[in-house]
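Letter by letter, the chains look like this.
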Amino acid sequence: MFTRLTRHSSLPVNLGGLRAPVVKRTPGSFLHSSVIDGLLIFSIYNRQGPFYIRPSLVNRKWSVEMSLPILSLWALIAAIVASCATEINVGILSLALALFIGVYYGGMKLSEVAAGFPTQLFFTLVAVTLLFGQARLNGTLDKVAHRAVRGCRGNLGLVPIMFFLLALVLGSIGPGNIASAALVAPMAMAVAGRTGISAFLMALMVGNGANASSLSPVAPTGIIANGIMARIGLAGMEWQNYFNVCLAHASVGFAGYFLFGGWRLFRRTYHERDAFADLPAKADSSHNASGASEGLEPRHWLTLGVIGALIAGVIFFNLNVGMGALAGAVLLTVLRVANEAHAIRAMPWSTILMVTGVTVLIALLEKTGGMDLFTTLLARFSTQRSVTGVTAFLTGSISVYSSTSGVVLPAFLPTVPGLIQKLGGGNPMAIASSINVGSHLVDVSPLSTIGALCIAAAPAGEDTRSLFRKMLAWGLSMAVVAAAGCYLVFS
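This structure is a prediction, so every number in the text was calculated from the model and none was measured.

Here the focus is the layout of surface pockets. In this structure, the second largest pocket spans a volume of roughly 560 Å³. The leading source of residues in the lining of the second largest pocket is helix α10 (residues 220-231), at seven residues. For the lining of the second largest pocket, the class distribution of residues is twelve nonpolar, six polar and two charged.

In structure tokens, the structure reads:
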């Protein structure tokens, strides 16, 4: 599809001896005439460049045409770059670009562009984050976390492992990786400072434990990834996605833990009262810093019962997670064990808007043919054997600086069918798994939310600059580790 640049004037150009006027923008355009000249010459050899010269048999003139697929692809690239380099919500930017390009340049109706809004995904994310926001604010998740902390006694080597498992379990039952890290990191880093455990080792275990839960079928990121994969013909892979990412994080997390000296901690012990004396107290009035009162109240038991029923319904009865979570949130509100107003205000609206906005732009790419061009570019750097490693490295490199759930997964998972077609074959699940693993494995970097939470919770006296450098080196190296691992496992 092509659209002509309007409000034009004649610009003579010599094309292989043929001198003809060419259409250009008037002053105020974002393109200078010299840039247009260069693009015109380039487009003679590349008919899919940003501008395309088309001869008119009616008036024997040449006119500059802008390729709508290319323009929509550049919009996606601009959104990804903006998500890495600026503080702007990439969802708002993507939504604005989709509307501007689709309606103004593409001549599409507003309803056609708006049809790309992921209504079901939006509903599911709102329902799930509302329910687990209530569970967090009424102190249920915090109570569970503190009780789990005191279940590890005596051996320092087991403490970081316990926090890995705690972050994994809390994230897997619904809150997701970021909420899990936010709950666990303050306690874990406080214990590390009190007992002399390396802050880097503790951050490594907490970050990988939280990220291992990312693609739980009832967690927000899992809902996003599974929804996209269902649209490209990979439905029913929820638990395989979860276990792939979980196993990848467990492998690198425990490897790093023992490689950087965690095995030495098994020779040391601590006194429980001293170790937990300064744990942060933040749940509610029934909880204090020394942990004197750790009993679960009726509201906590009821909340846990609702969460347990939701998980059981999803696993055993194929319950729609969005409907189940909304019903649970309403029940907790009606029974007055949670404040829905506070939970609504605490919901991650920025992330929800980010995901839905980028999805609208991706839908526009699919309609205009921009997604086909995107997969062509990926295919040029891949073979059927190397595509898993290439996609893992590419998505990991972008995810270091950008949102995994809001940008990377919505942008790359839809390319899987087209990429296989361009390569002449391949395993779609292997490529999708490489995208999921590669994009998540780097998220212990301090440039990610989870890594930043660990650094923010660093104990007093910790050299945060050194901790930042270590975690950054770890996060960047994971792009290479993910590429090598996905190439070996999924090829």
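There is more to say, and it comes next.
Of note, the phi angle at R336 is positive, near 60°, even though the residue is not glycine. Residue R336 is classed as exposed on the basis of its relative accessible area, which comes to 77%.

A few words now on the pattern of salt bridges. In total, this model carries one salt bridge according to the counting rule given. For R299, the salt bridge goes to E297, with nearest N and O atoms at 2.9 Å. For R299, a relative accessible area of 24% gives the class partly exposed.

Here the focus is the nonpolar core. Formed by 128 residues in total, the largest nonpolar core has its most connected members in F163, V184 and M202. Other than its neighbours up to four places away in sequence, M202 contacts V159, P160, F163, A188, M189, A192 and I197.

When pLDDT is averaged across the protein chain, the result is 79; 80% of the residues are at 70 or more. Note on residues 1-65: pLDDT under 50 across the span, and 103 contacts to partners over four residues away in sequence or across chains.

Residues F123, M323, L326, V330, L331, V334 and L335 make up a contiguous nonpolar surface patch of roughly 610 Å² in combined accessible area. When residues of the nonpolar patch are assigned to their parent elements, the largest contribution, five residues, is made by helix α14 (residues 321-334).

Looking at the secondary structure, you find A329 in helix α14. Judged by relative accessible area, which is 2%, A329 ranks as buried. The spatial distance from the C-alpha of A329 to the C-alpha of G133 is 9.3 Å, given a sequence separation of 196 residues.

With that settled, the discussion passes to the side chain of N177. Tracing the backbone through its elements, the reader meets N177 in helix α8 (residues 177-195). Classification of N177 by relative accessible area gives buried; the value is 9%. One polar contact links N177 to N211, side chain to side chain, over a distance of 3.2 Å. Among the polar contacts made by the side chain of N177, one reaches the side chain of S214 at a distance of 3.1 Å. Residues contacting N177, with those up to four places away along its chain left out, are A210, N211, S213, S214, T221 and I450.

It is worth spelling out helix α23 (residues 464-490) at this point. For α23, built from 27 residues, the straight-helix expectation of 39 Å at 1.5 Å per residue is met to within 8% by its first-to-last C-alpha distance of 37 Å. At M478, α23 shows its maximal bend, which comes to roughly 25°. All of the buried residues in α23 are S466, L467, M471, W474, G475, M478, A479, A482, A483 and C486. For α23, the N-terminal cap is D463; the gap from its side-chain oxygen to the backbone nitrogen of R465 is 3.2 Å.

Analysis parameters
Residues numbered from 1 in each chain as written. Predicted model: local features only at pLDDT ≥ 70, side-chain atom pairs only at ≥ 80, totals over all residues. Heavy atoms only, no water. 1 Å grid on protein atoms, 1.4 Å probe; cavity = no way out; pocket = protein on both sides within 12 Å on 5 of 7 lines; lining within 4 Å. Points joined across faces, edges and corners; volume = space filled by probe spheres on them. Helix = DSSP H or I, 4+ residues; strand = E, 2+ residues; numbered from the N terminus. Nonpolar A, V, L, I, M, F, W, Y, C, P; charged D, E, K, R; others polar. Buried < 20%, exposed > 50% of the residue type's maximum accessible area, 1.4 Å probe, protein only. Salt bridge = Lys/Arg side-chain N within 4 Å of Asp/Glu carboxyl O. Core = buried A, V, L, I, M, F, W, Y, C linked by side-chain atoms within 4.5 Å. Contact = heavy atoms within 4.5 Å. pLDDT = per-residue confidence, 0-100. Patch = residues over 30% accessible without salt bridge, like charges linked within 9 Å, V, L, I, M, F, W, Y side chains within 5 Å. Areas by Shrake-Rupley, 256 points an atom, 1.4 Å probe, with all protein chains shown as cover. Polar contact = N/O pair within 3.5 Å; in protein donor to acceptor, adjacent residues only side chain to side chain. Expected span 1.5 Å × (residues − 1). Bend = angle between axes of the 7 residues up to and from the residue.

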